[in-house]
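# An overview of the molecular structure
Each chain is listed here by its residues.
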Amino acid sequence: MQALELLERVRLRLDDSAEPYLWADDELLGYLSRAEAEAAVRASLLPFDTRDADPVVAPIAVVAGTREYPLDARVLRVDRAWLADTNRRLALFGEDELDRMGPGDWESLTGTPVYGVRWADRIRLSPIPEAPGTLHASGVRLPAGELTLDGAPEIAPVFHLDLVDWALH
């Protein structure tokens, strides 16, 4: 379903279908965009993989001696991560888990990364990489951008009508 169709349904439910409209298109599209983002968060509807031919979330360039890397702001969850050069999948843990089970000096070791610690906005590699490379990841993300009148939501069409209820909320 196109955003324009969703906008018309929102207007119908608001009893705002005659010009001049009480609600601006931009405001209602903003509510529909927020509804799509909320659906993506609650139901993990938008997977990403940095290996896709045209990735929404780009791979991360790893720099020797750098342990932390910012994540794309749209990333909600990283489920898997690996170094392209070694094709080695990283074990993803929280800091507390690594403190309990990992090497005692996991924060200062150098070498080929085998662990990843993910926070809301970044990922830390351990050991600290000694060589440059590429970090790939897959997981769940937010929509790539705001809805426009000539666009459509990224989430599956089966969920589009539900966006109307959330936008009205």
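Residues numbered from 1 in each chain as written. Predicted model: local features only at pLDDT ≥ 70, side-chain atom pairs only at ≥ 80, totals over all residues. Heavy atoms only, no water.

## Considerations on the overall build of the chain
Each helix and strand counted, the chain has 4 helices and 11 strands in total. In terms of C-alpha radius of gyration, the chain reaches 21 Å, well past the compact-globule figure of 15 Å for 169 residues. Dimensions along the principal axes, computed over C-alpha positions, put the chain at roughly 65 × 35 × 25 Å. Put simply, the chain has 169 residues, and 38% of those count as buried. Look at the contacts in the chain between residues 6 or more apart in sequence, and 67% of them connect residues 24 or more apart. (Helix = DSSP H or I, 4+ residues; strand = E, 2+ residues; numbered from the N terminus. Rg over C-alpha atoms; globule rule 2.2 N^0.38 Å. Buried < 20%, exposed > 50% of the residue type's maximum accessible area, 1.4 Å probe, protein only. Contact = heavy atoms within 4.5 Å.)

## Comments concerning the nonpolar core
If you look at the biggest cluster of nonpolar residues, it comprises 16 residues, and the most contacted ones within it are Leu-6, Val-10, Leu-29, Leu-32, Leu-147, Ile-155 and Leu-163. If you list the elements that add at least two residues to this core, you get helix H1 (3–14), helix H2 (25–43) and helix H4 (160–168). A total of 5 residues in this core trace back to one element, the largest contributor, which is H2. Formed by 15 residues, the second largest nonpolar core is a distinct cluster that contains Val-78, Ala-81, Leu-90 and Leu-125. (Core = buried A, V, L, I, M, F, W, Y, C linked by side-chain atoms within 4.5 Å.)

## Looking at the sheet that holds strand E8 (residues 115–118)
The 4 strands lie next to each other as E3-E9-E8-E6, forming an open sheet whose pairing is mixed. Of all strands in the sheet, those bounded by a partner on one side alone are strand E3 (68–70) and strand E6 (91–93). Each adjacent strand pair in this sheet contributes to an overall mean axis angle of 30°, direction not counted. Strand direction decides the pairing type here: E8 and strand E9 (residues 122–126), joined by 4 bridges, are antiparallel. Residue pairing for E9: Arg-118 is matched across the bridge by Ile-123. (Pairing = 2+ DSSP bridges. Axes fitted to C-alpha atoms, helices over the stretch in contact; angles between N-to-C directions.)

## Quick word on H1
Taking 1.5 Å of rise per residue, the 12 residues of H1 would be expected to cover 16 Å, and the 16 Å separating its terminal C-alpha atoms lies within 8% of that figure. Those residues of H1 that sit buried are Ala-3, Leu-6, Leu-7, Val-10 and Arg-11. The buried residues of H1 occupy an angular sector of 140° when the element is viewed end-on, so they sit on one face. With respect to the buried face of H1, the exposed residues turned more than 90 degrees away are Leu-12 and Arg-13. Where H1 is buried, its residues contact H2 and H4. Trailing H1 by a residue or two, Asp-15 shows a phi angle of about 55°, which is positive. (Expected span 1.5 Å × (residues − 1). Arc of directions from axis to C-beta.)

## Notes on the packing of aromatic side chains
Counted by the stated rule, this structure contains 2 aromatic pairs. Aromatic side chains Trp-23 and Tyr-31 sit 6.3 Å apart centroid to centroid with 70° between the ring planes, which places their arrangement in the edge-to-face category. Relative accessible area serves as the criterion here: at 31%, Trp-23 is assigned to the partly exposed category. Under the relative-accessibility criterion, Tyr-31 is labelled partly exposed at 35%. (Phe/Tyr/Trp six-rings, centres within 6.5 Å; stacked < 30°, edge-to-face > 60°.)

## Digging into H4
Among the residues making up H4, those that are buried are His-160, Leu-163, Val-164 and Ala-167. Angularly, the buried residues of H4 cover 105° about the axis, an arc narrow enough to put them on a single face. Tucked inside the fold, the buried residues of H4 contact H1 and H2.

## Regarding the layout of surface pockets
In this structure, the largest pocket occupies an estimated 150 Å³ of space. Lining the largest pocket are Ala-35, Glu-38, Ala-39, Arg-42, Ala-43, Leu-45, Phe-159, Asp-162, Leu-163 and Trp-166. For the lining of the largest pocket, the elements supplying multiple residues, two or more each, are H2 and H4. Here the lining of the largest pocket gets 5 residues from one element, more than from any other, and that element is H2. Looking at the lining of the largest pocket, its residues break down into 7 nonpolar, no polar and 3 charged. (1 Å grid on protein atoms, 1.4 Å probe; cavity = no way out; pocket = protein on both sides within 12 Å on 5 of 7 lines; lining within 4 Å. Points joined across faces, edges and corners; volume = space filled by probe spheres on them. Nonpolar A, V, L, I, M, F, W, Y, C, P; charged D, E, K, R; others polar.)

Take it as geometry only, folks, not as evidence of what the structure does.
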